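Survey of secondary and tertiary structure
Read off the chains here:
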Amino acid sequence: MADIDLIDVDKHFGANWVIRKLNLRVDHGEFVVLLGPSGCGKTTTLRAVAGLEEIDSGEIRIDGKSVESLPASDRDIAFVFQLYSLYPHLTAFENIAFPLRAFRMSDKEVRGKVKAVAKVLRIEHLLSQKPSALAGGDMQRVTIGRALVRRPKAILMDEPIGALDAKMREEMRVELRRLHIENNSTTIYVTHDQIEAMSMADRIAIMNDGVLQQVGSPTEVYSRPANLFVAQFVGSPIMNVVDCRIEPADSATNIRLDGMQSVFRFGSDVHRHVAAVGHEEIALGVRPEAVLVERSDQAGYVPAKVHLIEPQGAYDILDIGVGKAVIRARTESQFVTRLHEPVWVQLDPERSHFFDKKSGFALPIGK
Amino acid sequence: MAKLTLKNLSKSYGEIAALRSLSLDVHDQEFFVLLGPTGAGKTTTLRCIAGLEKPEAGEVWIGEDLVNNWSAANRDVALVFQQYSLYPNYTVRKNLEFPLRSKLRRITDEDIGLRVQKAAETLRISHLLDRRTDRLSGGEMQRVAIGRAIVREPRLFLMDEPLSNLDAKLRELLRSELQELHLKLGATLVFVTHDQVEAMTMGDRIGVLCEGQLAQVGTPYEVYNMPRNTFVASFVGTPPINLFDATINDEKIVVAPEKFEFSLPPAARSRLAKVTSDRTKLCVGVRPEHVKLVKTGGIAGTLYGAADHGVEMIMTVNVADHLIQTTQPPTTRIRLNESVRIAFTPDKIHFFDPETTENLACAGNDP
């Protein structure tokens, strides 16, 4: 196993920048997910590590050694694609054994290695099947088995479960995470699905327009997003982002959304931070679960109206009108049952974020 | 606007029965969602209503009219597809005007202008009216496609997965917009999707389709909280419901084949006794939010996986090789393979007939 360093990596196709000054370190045994929308540069980054794509400047190091002059085949890295790319005429066993056949290895040794990998992937009972007889999830398990069997320095995966149905994807997320913990292989995993990233990664590296936006643990990127892009790309339903005015009050800060009669009261540090940074245009960000809803007036709560009720089964999402703004709140199922019902809301200051609308950066309030 | 009635609709393609005597009442001004997996017959139903497909048997009523022999054009329904199907060289305005320009309609230019303006305002695309549709983003194109349906002021809107091509963020936004639009227009709307979250959040009622038949019709709460059979129970809700085959052994429920058991408190026991009569075999269903982690008692298992979803942690517990999912607060930290104990919230446990898959609590009622 190995660590991987990307240092000031640049890549462009003609005038289009695909990767800009990317710096990222993946530690030995770490599972890092590159997350971003299509076209953000995540797959190009992965391919550059694999040696399938040249970079224009910067450096990629595996175990401290620059791999610039090393062809893909000599980098000792396994690559798993979205499409299964199995040999259709070979059994699952032979597909997994295939990379080992290039080495002078006894049949017994090959069998041992294939069996060990199959056990971890829970496909021991499928080893004699041809790919055409396998379900999508099992085919992808075989593909992953083939990548793991020769114990490469690192495993790179490009949306490996993107083509599976929702239920299978969920199962595979759990399996891949377990597999990683058991094998401790250095892994870089590319996806556009934030739930995949959140549920599997040790750390998530979020990219947009070729630029790395934030690197952090799932909890970090979810609870302390560095900027508006990350705030709204991670989490479902999406974080509410609304314009607000920030007014200093005695030992407190009043936050007023557009058209609001009353105010949300926050600690005095909010306006001090805003004043210190000198930002004029501030957006407030708050996730639906941090919008607290009551059916009667409570201290610190402001009156609001329910526009829409969106049941999710285990809970409800309410679209709530506060002043002219609409924010979404997460409540217990059937907490509010009628549209236009008056409710009272409060924003949890601990879980509220303030962003500079021009740069998109989060202000370091309460951090 | 009008109500819609389908009576014993049947349709097959060669050997394959797409619809099997399907009956359905959609109320005037209702937002009705047809939910089901690929091949369940959702799109066929929609096409029979629109007049694009002729059922072999059964009746389609729109309002007070039996429309089986009416052409699609005469049925006065508007269809919105997953593909936007706009004229790429036309401006948004021309696309919106197009359905009104038909000679059959004889609408004055002034009236056309007014209708287009009103639809554009409703959908917040007024600023795009003079732009060519191939210069629009996906979300804007789908708004225009919906606008083209609105201007016609049809008796019925039919939508076939209109949000499936959009990214997660846009989908969420358009979901709310569609619901608001529905309230504003007072439209009768039949919306087809395979996405249970879409169905739950948008539908006044949901019809769950399975193999050409309606498995259940009900409000989102009814479908989620009282699923009629195991198909509905596992198709609706994410993470999915935990299901196990079990036998009743005195006051204990014994789960087989890999064995674990739990007992029910008196209230749940008498509820079970009422529906089971002398039955000893059962299928037990428990939703992840009704699986609790407990310190003592309960059922012993080990942690198999943990997926951080930001707002909550989805944990998978291995109990005698049954993988049971539970929803926990986001701060829960348990190491993989660590021992845990779980308990089911007794009054939230569902009991199904393992043969018919029917929910024993609704046996004998109509779907």
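Here the structure is a predicted model, which is why all the values come from computation and not from measurement.

This next bit is on the overall build of chain A. Helices and strands together make up the secondary structure of chain A, namely nine helices and 20 strands. Counting only C-alpha atoms, chain A reaches 80 × 45 × 35 Å along its principal axes. Burial statistics for chain A: of 367 residues in total, 43% are counted as buried. In chain A, of all internal contacts separated by at least 6 residues, the share reaching a separation of at least 24 is 64%.

Our next topic: the sheet that holds strand β11 (residues 240-249) of chain A. Residue and element names in this part refer to chain A. The five strands lie next to each other as β13-β12-β11-β14-β20, forming an open sheet whose pairing is antiparallel. At either margin of the open sheet sits one strand with a lone partner, and together these are β13 (264-267) and β20 (352-356). Sheet twist, expressed as the mean angle between neighbouring strand axes with direction ignored, is 45°. Where helix α9 (residues 269-277) meets the sheet, it contacts β11, β12 (252-257), β13, β14 (282-286) and β20, and its direction lies at approximately 95° from that of β11.

All names here are of chain A. The contact between helix α3 (residues 107-121) and helix α4 (residues 136-148) brings their axes to 10 Å, and the two run at 135°. Considered as vectors, α3 and α4 are oriented oblique to each other. Note that α3 runs across α4; the crossing there is right-handed. Facing Val117, Ala118 and Leu121 of α3, the residues of α4 in contact are Arg141, Ile144, Gly145 and Leu148. Residue classes in the contact of α3 with α4 are distributed as five nonpolar, one polar and one charged.

Attention shifts here to the interface of chain A and chain B. Between chain A and chain B, the residue contacts involve 30 residues of the former and 29 residues of the latter. Split by residue class, the side of chain A that touches chain B holds 14 nonpolar, eight polar and eight charged.

The geometry of a pair of packed helices is captured by two quantities: the angle between their axes and the separation between those axes. Residue and element names in this part refer to chain A. Axis separation between helix α2 (residues 92-101) and α4 bottoms out at 7 Å; the angle between their running directions is 25°. Considering the angle they form, α2 stands roughly parallel to α4. Along this stretch, α2 crosses α4, giving a crossing that reads as right-handed. In contact with Ala92, Asn95, Ile96, Phe98 and Pro99 of α2, α4 contributes Val142, Gly145 and Arg146. Of the residues that constitute the contact of α2 with α4, the class distribution is five nonpolar, two polar and one charged.

Quick look at the confidence of the model for chain B now. Mean pLDDT over chain B works out to 92, with 99% of the residues at or above the 70 mark. The ipTM assigned to the predicted complex is 0.88, against a pTM of 0.90.

Now for the domain arrangement of chain A. By a widespread convention, an interface's size corresponds to the accessible area lost as its parts come together. All names here are of chain A. Each assigned domain of chain A is listed here: domain 1 (4-233) and domain 2 (240-356). Relative placement of domain 1 and domain 2: their C-alpha centres are 40 Å apart. In the side of domain 1 that touches domain 2, the residues fall into three nonpolar, two polar and no charged.

To continue, consider the nonpolar core. Val33, Ile96, Leu156, Ile188, Ala205, Ile320 and Val345 of chain A are the most contacted members of the largest nonpolar core, which totals 102 residues. Taken domain by domain, this core gets at least three of its residues from each of domain 1 (4-233) and domain 2 (240-356) of chain A. The contact partners of Ile96 of chain A, leaving out residues within four places of it in the chain, are Val114, Val117, Ala118, Val142, Gly145, Arg146 and Val149 of chain A. Counting 95 residues, the second-largest nonpolar core is a separate cluster that includes Phe32, Ile62, Ile150 and Leu156 of chain B.

All names here are of chain B. Burial within helix α1 (residues 42-50) is extensive, with eight of its nine residues counted as buried. When α1 is considered as a whole, its buried residues turn out to be Lys42, Thr43, Thr44, Thr45, Leu46, Arg47, Cys48 and Ile49. Remark: Gly51 follows α1 within two positions and exhibits a positive phi of approximately 90°.

Residues and elements named next belong to chain B. Examined bridge by bridge, strand β1 (residues 4-13) and strand β4 (residues 57-62) share five bridges and lie antiparallel to one another. Across the sheet, Leu4 pairs through a bridge with Ile62, a residue of β4. Judged from the two bridges that link them, β4 and strand β5 (residues 65-66) form a sheet pairing that is antiparallel. Across the sheet, Trp61 pairs through a bridge with Leu66, a residue of β5. If you look at the hairpin formed by β4 and β5, you'll find two residues sitting between the two strands, and Gly63 has a positive phi there, around 60°.

Conventions adopted
Residues numbered from 1 in each chain as written. Chains lettered and ligands numbered in written order. Predicted model: local features only at pLDDT ≥ 70, side-chain atom pairs only at ≥ 80, totals over all residues. Helix = DSSP H or I, 4+ residues; strand = E, 2+ residues; numbered from the N terminus. Buried ≥ 20, exposed ≤ 12 C-beta atoms within 10 Å, placed from the backbone. Contact = placed C-beta atoms within 7 Å. Pairing = 2+ DSSP bridges. Axes fitted to C-alpha atoms, helices over the stretch in contact; angles between N-to-C directions. Parallel < 35°, antiparallel > 145°, perpendicular 65-115°, else oblique. Left-handed = near helix turned anticlockwise from the far one by under 90°. Nonpolar A, V, L, I, M, F, W, Y, C, P; charged D, E, K, R; others polar. pLDDT = per-residue confidence, 0-100. Domains from an automatic or database assignment. Core = buried A, V, L, I, M, F, W, Y, C linked by C-beta atoms within 7 Å.

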